[in-house]
Amino acid sequence: MRILHVFDDVPADIRRTAAEIDAVEQDCEHVYMLQRPEDGTTYPDSGVLLFDADAAGFALLLAQMEKADRIIWHGFSWKRRFLLYIWRHREYLKRSVWHVSEDDAIEVAYTGWNLPKRLYYRFKHRCKGMMAAYAADNIEQYYRVKNSYGRNKRVFLVGGGGDRRLAEHLRRPESTEEHGGIVHVLIGSCCHEGQTYTKTLRMLSRFMYQDFCVHVPRAGTGSRQTYAREIEELTRKIFGYKAVFYRQALSPEERDRLYRQADVGIFWEADHHSLQDALAMCCLGKTVYVADKLRRHYGLAEVAGVLKRVDSMGRIETVQGLLAGEDSAETESLEEPRFDREKVLRQIASFDRSDGWRALFDGTQEEHGPVKFLHVIQPRQNIIQPFISLCQTYFPLEEHRFFVDNTNIRFAPGLAVMPHVEFQVGRTVMRQTEHLFARMHAAEHVIIHGMYLSKWEILRLAYSPGILKKAAWVEWGKDLYGYEKTGKGLKVRLHNYLHRRIRENISCFVSIFPPDEKVFRQRFRNPAPVLQTNYLASNSIEMLEKTRPAQTRTDGKVRVQVAHSCNSWNNHQTILDALAHLKFEDLELYIPLSTGSPPKNKTDVARYAKLLFAEKANFLFDEMDKENYFRFLWSMDIAVFSLYRQAALGNIIRLLYMGKKVFLPKNSVMYDFFAENGVEIYDTEAIADMSYEEFTAPLKGPVPHPFIVRMMNAPDLVNAWDGVFAYLAANGK
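Per chain, residue numbering runs from 1 following the sequence as it is written. Thresholds applied to this predicted model are a pLDDT of at least 70 for local features of residues and 80 or more for the giving and counting of side-chain atom pairs; totals over whole chains, interfaces and linings are not thresholded and use all residues. Excluded from the side-chain calculations are hydrogens and water; all other atoms, namely the structure's heavy atoms, are used.

A. Region of the structure containing the sheet that holds strand β4 (residues 70-74). Within the open sheet, the 7 strands sit side by side as β3-β2-β1-β4-β5-β6-β7. Their pairing is parallel. Lying at the two open borders of the sheet, with one neighbouring strand each, are β3 (48-51) and β7 (155-157). The sheet shows a mean angle of 25° between the axes of neighbouring strands, direction not considered. Packing of helix α2 (residues 55-67) onto the sheet brings it into contact with β1 (2-7), β2 (29-35), β3 and β4, and relative to β1 it is tilted by some 155°. At least two bridges found by DSSP between two strands is the condition for calling them paired. Put simply, DSSP marks the helices as runs of H or I at least four residues long and the strands as runs of E at least two long, and each gets a number from the N terminus on. Note on definitions: angles span 0 to 180 degrees between N-to-C directions of axes, and those axes are lines fitted to C-alpha atoms, for helices only across the stretch in contact. The contact criterion used is simple: two residues touch if any of their non-hydrogen atoms lie within 4.5 Å.

See below:
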């Protein structure tokens, strides 16, 4: 396969991009073409073909495009005449991939009255829309392209969200500059509406008579000059001489000096630049406030625990409180967070851009052809990413494709750079459903990981006997126990009927918890075989041991974890009521509320826990990466759950391996299972009658219990999935 790479200018990292592409192992011949710089400078690499942006240059480019099987445009900023040449030969765009540059990503449509300019942007937009696929360097670019052009096409992620400039900041020592008691605040990375300057300035207006100075960058990527002038007028009106403006774009050196001068950074926009600036200030030891969506949806932000929530600024009364990062009780975490610069550096270094390029080449070569096993998965990165890694390690990867049944990768950005992963595309729900079922019909076997399909997909699947005959359903708990809706309306009855029809006609049921087989047999008249497996990572024990604390805590307090999410079926109030008689004892409660729904339940739980336990109740509102969450579990002494069905299985197994005292309701399915296998488990319903000494008494049996070690054993896990694939291959056609 011959792939032509066309660069529209001389990017500083052209050699690095070419080296990354060449490092990918695939049967492709790569040809690189570069537009000759306007200043006449030559490009020293003889392996790159240069062409001019004129008719003769396009003729040279056209000759190469005719020979190429695939064309990748690195950037698409061409002059008007050259763009017209491309439009005349637009048939080549239908087998092209557009690799988005930074300028392309922020380009907006022209709305003025200049007709030639309007036509230029119109043709440019239509050329981009005709591309076969798209490639982005970071999540922010991914969303811009996805929303503008890629709703019906594949968008590949070939970058990891970190660049060399950020890495350079991380390697520098923390800033120790002092400014004579004046607190300097940097607002945003550039001046556009997304930074929410008006709201920020009004929140900061309470500090206008204190020792305070605000810095506002007016220029930079994405700046809008009309909006910038309005913001400058408002800032002058509020802060007067205490405001400093930067009307010219800052060089990297000037921006670095600004980072060192500022004491506080405030960033609202959840884009790539804001993330870079926020983390750069973190590594200099500054106080940084960011929007909650910026903390939640970027892989690098997960390890930067010192990022503060920008909403909390409204509760801070003094400029020193702003500098100290005072926060509300709702954001209290396990311990004072620290920015781990070495971990961020390792994360940047460990990201292999070739994974994204490999996924792009695989996707464009195979054109999503038929596969042996199609996995329909939900974007739950902490569950699915280890499973995909397991398949890559122990099974022939060419036999497996992983179809993410969601158009939004915000929940699992790490999946976008993994090979053999496809994302659902389609401008409408019906087209997205058509895309999914076209892939399911083409596959030899279908494995549905969690029956959490949309209503249109459920309707289609219920009346697709050909797919049901070759499909396996891997239950996740709620889709087995709690799929039914309550009520008497027609929609409720139809919903329950369609879900039951699918479950009673599926050809294979895969249980992740042995007692669930009995539930499946009792609820559905389906003689399908039941297979056993689970989603624990093949290196679960190794990961847990890696995060084991070097020494035990000596503060003397007993830390109690209450449930694992904010879902209503966790019965938080029941647990808190049972623990209420111990509220004057030396214990602390930690309640994870970062996942689950509805949001109102999160507020209700926090309010009720504060009412009963006051300052002893602590809440985890922000999601953690896996490593930090394991450290959180190690720091607990007791975990209390009030679950009457299978849920939180991964949490419970890991807590039992760590030797924590786990409470579950007696006669519940999980309590009976662990008790029958000799695991030391305690009754949640008995807590109300326990003394503090009985509640905190240590475990009596071995730690970890041999049965728990067997459940986490890697060979057994691999053999279980191998049995699932082998059964489908033999019987699922």
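B. Quick look at a positive patch on the surface. Side chains of Arg 90, Lys 94, Arg 122 and Arg 126 sit close together on the surface and give a patch of like positive charge. You can see Arg 90 is positioned in the loop between α3 (80-88) and β5 (96-99). Each residue is assigned to one of three classes by its accessible area relative to the maximum for its type, calculated with a 1.4 Å probe on protein chains only: buried under 20%, partly exposed between the two thresholds, exposed over 50%. Overall, Arg 90 belongs to the partly exposed group, its relative accessible area being 33%. Like charges are joined within 9 Å and nonpolar side chains (Val, Leu, Ile, Met, Phe, Trp, Tyr) within 5 Å, but only among residues with over 30% relative accessible area and no salt bridge; these make up the patches. All accessibility values rest on the Shrake-Rupley procedure with a 1.4 Å probe; residue burial counts only the protein chains present in the view. Any carboxyl oxygen of Asp or Glu within 4 Å of a side-chain nitrogen of Lys or Arg constitutes a salt bridge here. Only four residue types enter the tally: Lys and Arg on the positive side, Asp and Glu on the negative side; His and the chain ends are excluded. Lys charges are placed at NZ, Arg charges at CZ, Asp charges at CG and Glu charges at CD.

C. The arrangement of the nonpolar core in detail. Here, nonpolar core means buried Ala, Val, Leu, Ile, Met, Phe, Trp, Tyr and Cys residues that are tied together by side-chain atoms lying within 4.5 Å of each other. Membership of the largest hydrophobic core comes to 65 residues, with the highest contact counts inside it found for Met 440, Leu 461, Phe 674 and Ile 708. Take this core: its biggest share by element is 6 residues, from helix α27 (residues 649-657). Residues Met 65, Tyr 142, Phe 402 and Phe 725 belong to the second largest nonpolar core, which totals 63 residues.

D. Looking closely at the pairing of strand β22 (residues 587-592). Taking burial as the measure, the 6 residues of β22 include 6 buried ones, the bulk of the element. One ladder, built from 4 bridges, connects strand β21 (residues 558-562) with β22; its direction is parallel. Note that in β22 the partner of Gln 561 across the bridge is Tyr 590. What joins β21 to β22 is helix α24 (residues 572-579), and the crossover it makes is right-handed. Sheet topology note: the β22/strand β23 (residues 617-620) ladder contains 4 bridges and is parallel. Counted as the bridge partner of Leu 589 is Ala 617 from β23. For crossovers, right-handed means that the path from the first strand over the helix to the second runs clockwise, given strands pointing away from the viewer. A crossover connection joins β22 to the parallel β23 through helix α25 (residues 599-613); in handedness this β-α-β unit is right-handed.

E. Here's a closer look at the packing of helix α26 (residues 626-635) against α27. The N-to-C vectors of α26 and α27 enclose an angle of 55°; their axes lie 10 Å apart at closest approach. Taken as axis vectors, α26 and α27 run oblique relative to one another. In the crossing of α26 with α27, the sense of the turn from one axis to the other is right-handed. Every residue of α27 that contacts α26 at Tyr 629, Phe 630 and Leu 633 is listed here: Asn 651, Arg 654 and Leu 655. All residues other than Ala, Val, Leu, Ile, Met, Phe, Trp, Tyr, Cys, Pro, Asp, Glu, Lys and Arg, Gly among them, are scored as polar; the first ten of these are nonpolar and the last four charged. A breakdown of the residues in the contact of α26 with α27 according to their chemical character gives 4 nonpolar, 1 polar and 1 charged. Should an angle lie under 35 degrees it is considered roughly parallel, over 145 roughly antiparallel, and from 65 to 115 roughly perpendicular; all remaining angles are considered oblique. Each crossing gets its hand from how the near helix is turned against the far one by less than a right angle, where anticlockwise is left-handed and clockwise is right-handed.

F. Unusual backbone geometry, seen in detail. The omega angle of the peptide bond from Val 703 to Pro 704 is -10°, so this bond is cis rather than trans. One can find Pro 704 in the loop between α29 (692-696) and α30 (706-711). Despite not being glycine, Ala 563 has its phi angle at roughly 60°, a positive value. The class for Ala 563 is buried, based on a relative accessible area of 1%. In the Ramachandran plot, Ala 614 falls in the positive-phi region, its phi being about 50° despite a non-glycine side chain. The exposure class assigned to Ala 614 is partly exposed, which follows from its relative accessible area of 39%.

G. Up close: a nonpolar patch on the surface. Where nonpolar side chains cluster on the molecular surface, the patch consists of Val 429, Met 430, Trp 456, Leu 459, Tyr 463, Leu 494 and Tyr 497 and spans about 670 Å² of accessible area. Mapped onto the nonpolar patch, the elements with two or more residues apiece are α17 (429-442), α18 (455-462) and α21 (490-505). Assignment of secondary structure puts Val 429 in helix α17.

H. Region of the structure containing a negative patch on the surface. The grouping of Glu 585, Asp 586, Glu 693 and Glu 694 at the surface amounts to a negative patch. Tracing the backbone through its elements, the reader meets Asp 586 in the loop between α24 and β22. According to the relative accessible area criterion, Asp 586 is partly exposed, its value standing at 39%.

I. The arrangement of the packing of aromatic side chains in detail. Stacked, tilted and edge-to-face are the three classes assigned to paired rings of Phe, Tyr and Trp, where Trp is represented by its six-membered ring and a pair needs centres within 6.5 Å; plane angles under 30 degrees give stacked, over 60 edge-to-face, the rest tilted. Here the structure, examined in full by the defined rule, presents 35 aromatic pairs. Their ring planes at 85° and their centres at 5.8 Å tell us that Trp 476 and Tyr 535 sit as a pair that is edge-to-face. With Trp 476 in the loop between β18 (471-474) and α20 (478-481) and Tyr 535 in the loop between β20 (530-532) and α23 (540-546), this pair connects stretches of sequence that are 59 residues apart. Among the residues examined, Tyr 535 registers a relative accessible area of 14% and is labelled buried. Each residue in the set Phe 373, Phe 387, Phe 395, Phe 402, Tyr 452, Trp 476, Tyr 535, Trp 721 and Phe 725 is aromatic and connected to the rest through ring pairs, giving one cluster. One residue, Arg 206, lies across the ring of Phe 207, its end atom 5.9 Å from the ring centre. Here, a charge over a ring means that NZ of Lys or CZ of Arg falls within 6 Å of the ring centre while also lying within 35 degrees of the ring normal. Across from the ring centre of Trp 569, 4.3 Å away, lies the NZ or CZ of Arg 645, which sits over that ring.

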